[in-house]
Amino acid sequence: MRSPVLIVVLLVAAFLLDIPENAFADFLQGSTKQRIGNYDVEITTDPKSPTVDSNPTNVLIRIAGVNGDHPTDVPIMMRLMKDGNALQTTNPIIIQSGHYTHQFTFEQPGRYVLYIDLNDYLYSGEVLTFTFFIAVSDFLASLYLALPLAGVALAGTVSMLVFMKRRKKKLGNPARHS
């Protein structure tokens, strides 16, 4: 009687302790992806369209193998550049779960370049450099698009109301049309 119970307990314990070597990292929504060697690196920003302000922008990074799994303890360094000038360089960062979030504050509008240097100690022993572009707009620049659109919408609404009022007036007084 003790043998079957012991076997069941051992099987359950073995099942619960079975930790997979490779876990799969989920994909980032709306990301930019680059593949070099055996790695896929994706980034996306939150907010989706970064602007110049005092609020930092989250840069979400996903690192995975080309087959979808992610290697553990991947060392990276990041360099943020604008117009050929280094604005920020991180210390080495160990990516343990395939995902990492870093905050950057953009002080000027323009096109920034984010270099992610991945130390490929697993395969080639070289540093692989992934290059991503981040477009940062000025908050006021977004108004150049929003204000004309609001003006067109307002003009269309006013025109529709005037047209409906005139039509109602014509239909409401049939004696004038005879």
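The structure we're discussing is the one just above.
Note that this is a predicted model, so its numbers are computed, not measured.

(A) Quick look at the overall build of the protein chain. When helices and strands are tallied, the protein chain shows 2 helices and 12 strands. For the protein chain, the sequential pattern of α-helices and β-strands runs α-β-β-β-β-β-β-β-β-β-β-β-β-α. Pairs at least 24 apart in sequence give 58% of the contacts found in the protein chain among residues at least 6 apart. Accessible surface for the protein chain amounts to roughly 12,500 Å². Of this, 61% is attributable to carbon and sulfur atoms.

(B) Main features of unusual backbone geometry. Residue P47 is reached from D46 by a cis peptide bond, and omega for that bond is 10°. You will see that D73, though not glycine, has its phi angle at about 55°, which is positive. Tracing the chain through its elements places D73 in the loop between β6 (69-70) and β7 (74-82).

(C) Fine view of the packing of aromatic side chains. If you walk through the whole model with that rule in mind, you get 3 aromatic pairs. Plain terms: the ring middles of Y39 and Y123 are 5.9 Å apart, the flat faces sit at 70° to each other, and that makes the pair edge-to-face. Here the residue Y39 occupies a position in strand β3 (residues 39-46), and Y123 occupies one in the loop between β11 (110-119) and β12 (127-138), the gap between them amounting to 84 residues. A relative accessible area of 1% places Y39 in the buried class. With 6.4 Å between their ring centres and 35° between their planes, F104 and F106 make a pair best called tilted. Neither F104 nor F106 differs from the other in exposure class; each is buried. Taken together through their ring pairs, the aromatic side chains of F104, F106 and Y112 make up a single cluster. Geometry around Y112 places K82 over its ring, the cationic atom sitting 5.7 Å from the centre. Looking at R111, its charged tip hangs above the ring of F133, at a distance of 3.9 Å from the centre.

(D) Looking closely at the nonpolar core. I63, I76, L114, I116 and L118 are the most contacted members of the largest nonpolar core, which has 24 residues in total. Elements that contribute at least two residues to this core include exactly β3, β5 (57-65), β7, β9 (93-95), β11 and β12. In this view, I76 contacts I63, N91, P92, I93, I95, I116, D117 and L118; residues no more than four positions away in its chain are not counted.

(E) Up close: the pattern of salt bridges. By the definition in use, this model includes 5 salt bridges. Here R35 makes a salt bridge to D40, at a shortest N to O gap of 2.7 Å. Close ionic contact of R62 with E42 constitutes a salt bridge, the shortest N to O distance being 2.6 Å. With R62 in strand β5 and E42 in strand β3, the pair connects residues that are 20 residues apart, well separated along the chain. With relative accessibility at 3%, the residue E42 sits in the buried group. Each of K33, R35 and D40 takes part in a single network of salt bridges with overlapping partners.

(F) Main features of the environment of G68. If you trace the backbone, G68 turns up in the loop between β5 and β6. Separated by 28 residues in the primary sequence, G68 and D40 have C-alpha atoms spaced 8.3 Å apart.

(G) Geometry of the pairing of strand β8 (residues 85-89). Bridging between β7 and β8 involves 4 bridges; their strand directions are antiparallel. The partner of R79 across the bridge, within β8, is T89. Counted between consecutive antiparallel strands, the loop separating β7 from β8 contains 2 residues, among which D83 sits at a positive phi close to 55°.

Procedures and definitions
Residues numbered from 1 in each chain as written. Predicted model: local features only at pLDDT ≥ 70, side-chain atom pairs only at ≥ 80, totals over all residues. Heavy atoms only, no water. Helix = DSSP H or I, 4+ residues; strand = E, 2+ residues; numbered from the N terminus. Contact = heavy atoms within 4.5 Å. Areas by Shrake-Rupley, 256 points an atom, 1.4 Å probe, with all protein chains shown as cover. Phe/Tyr/Trp six-rings, centres within 6.5 Å; stacked < 30°, edge-to-face > 60°. Buried < 20%, exposed > 50% of the residue type's maximum accessible area, 1.4 Å probe, protein only. Lys NZ or Arg CZ within 6 Å of the ring centre and 35° of its normal. Core = buried A, V, L, I, M, F, W, Y, C linked by side-chain atoms within 4.5 Å. Salt bridge = Lys/Arg side-chain N within 4 Å of Asp/Glu carboxyl O. Pairing = 2+ DSSP bridges.

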